[in-house]
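# Close look at the chain arrangement
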Amino acid sequence: MMEILNASSDRLCVLPEDLGILEDPRTPTLRRISYGIILPAICCLGIIGNALNLLVLTRRNMRGTAYIYMRARY
């Protein structure tokens, strides 16, 4: 890596045009998969899980003090 930085006219900082040299060619594909598929799937599963928890905790037999604290409502 030091050779790459030295080859670019001995600059100490990495400029945006030098990132193409340093970046792995698989990085855009990995970003597309992680941000486009995995992250939305995790968010959807989290929202569904929270909705199911709220559904269970608001049932009639879940009226105790501990259950009120779990659903964060008085």
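Remember, predicted model here, so these are calculated numbers, not experimental data.

## Focus: the overall build of the protein chain
Across its full length, the protein chain carries 4 helices and 0 strands. Along the protein chain, helices and strands appear, N-terminal first, in the series α-α-α-α. Relative to its full complement of 74 residues, the protein chain shows a buried share of 9%. Carbon together with sulfur atoms contributes 66% to the accessible area of the protein chain, which is approximately 6,600 Å² in total.

## Quick look at the pattern of salt bridges
This structure, assessed with the given rule, holds 1 salt bridge. Across the pair arginine 26 and aspartate 24 runs a salt bridge, and its minimum N-O distance is 2.9 Å. On the basis of relative accessible area, arginine 26 is assigned to the exposed category, the value being 60%.

## What to know about the state of the cysteines
When the sulfur atoms of two cysteines share a covalent bond, that bond is a disulfide. Across all of its chains, the model carries 0 disulfides by this definition. We note that cysteine 43 lacks a disulfide partner, and the nearest cysteine sulfur, in cysteine 44, lies 7.0 Å from it.

## Observations concerning a nonpolar patch on the surface
Where nonpolar side chains cluster on the molecular surface, the patch consists of Ile33, Ile37, Ile38 and Ile42 and spans about 380 Å² of accessible area. Structurally, isoleucine 42 is set in helix 3 (residues 27–57). Using a relative accessible area of 55% as the deciding quantity, one classes isoleucine 42 as exposed.

## Remarks on the environment of aspartate 24
Within the secondary structure, aspartate 24 sits in the loop between helix 2 (19–22) and helix 3. Given the relative accessible area of 33%, aspartate 24 is considered partly exposed. A polar contact of 2.9 Å, which involves the side chain of aspartate 24, links it to the side chain of arginine 26.

## Structural notes on helix 3
Its 31 residues give helix 3 an end-to-end C-alpha distance of 43 Å, which sits within 8% of 45 Å, the value for a rise of 1.5 Å per residue. At serine 34, helix 3 shows its maximal bend, which comes to roughly 30°.

## Comments concerning the confidence of the model for the protein chain
Taken over all residues, the pLDDT of the protein chain has a mean of 79, while the share at 70 or more is 72%. Of all helices and strands in the protein chain, the one with the weakest mean pLDDT is helix 1 (residues 2–7) (52), whereas helix 3 scores best (93).

What counts and what doesn't
- Per chain, residues are indexed from 1 in the order of the written sequence.
- Where totals are concerned, whole chains, interfaces and linings use all residues; where local detail is concerned, this predicted model gives features only for residues with pLDDT of at least 70, and gives and counts side-chain atom pairs only at 80 or more.
- Remark: hydrogens and water are excluded; side-chain values derive from all non-hydrogen atoms of the structure.
- Each helix is a run of DSSP H or I of at least 4 residues and each strand a run of E of at least 2, with the numbering of both proceeding from the N terminus.
- Think of it in three bands: residues with accessible area under 20% of the maximum for their type are buried, residues over 50% are exposed, and the middle band is partly exposed, with areas taken using a 1.4 Å probe on protein chains only.
- To be clear on the numbers: accessible area is Shrake-Rupley with a 1.4 Å probe, and residue cover counts the displayed protein chains and nothing else.
- Counted as salt bridges are all cases of a side-chain nitrogen of Lys or Arg within 4 Å of a carboxyl oxygen of Asp or Glu.
- Any two cysteine sulfur atoms within 2.5 Å of one another count as a disulfide.
- Residues enter patches when their relative accessible area tops 30% and they take part in no salt bridge; the joining distance is 9 Å for like charges and 5 Å for the nonpolar side chains Val, Leu, Ile, Met, Phe, Trp and Tyr.
- Distance and chemistry together define a polar contact, namely a pair of N or O atoms within 3.5 Å, with one atom able to donate a hydrogen and the other to accept it when in protein, and with adjacent residues in sequence counting only for side-chain atoms on both sides.
- A helix is expected to span 1.5 Å for every residue after the first.
- A residue's bend is the angle separating two fitted axes: one through the seven residues that end there, the other through the seven that start there.
- On a scale of 0 to 100, pLDDT captures the predictor's confidence in every residue.

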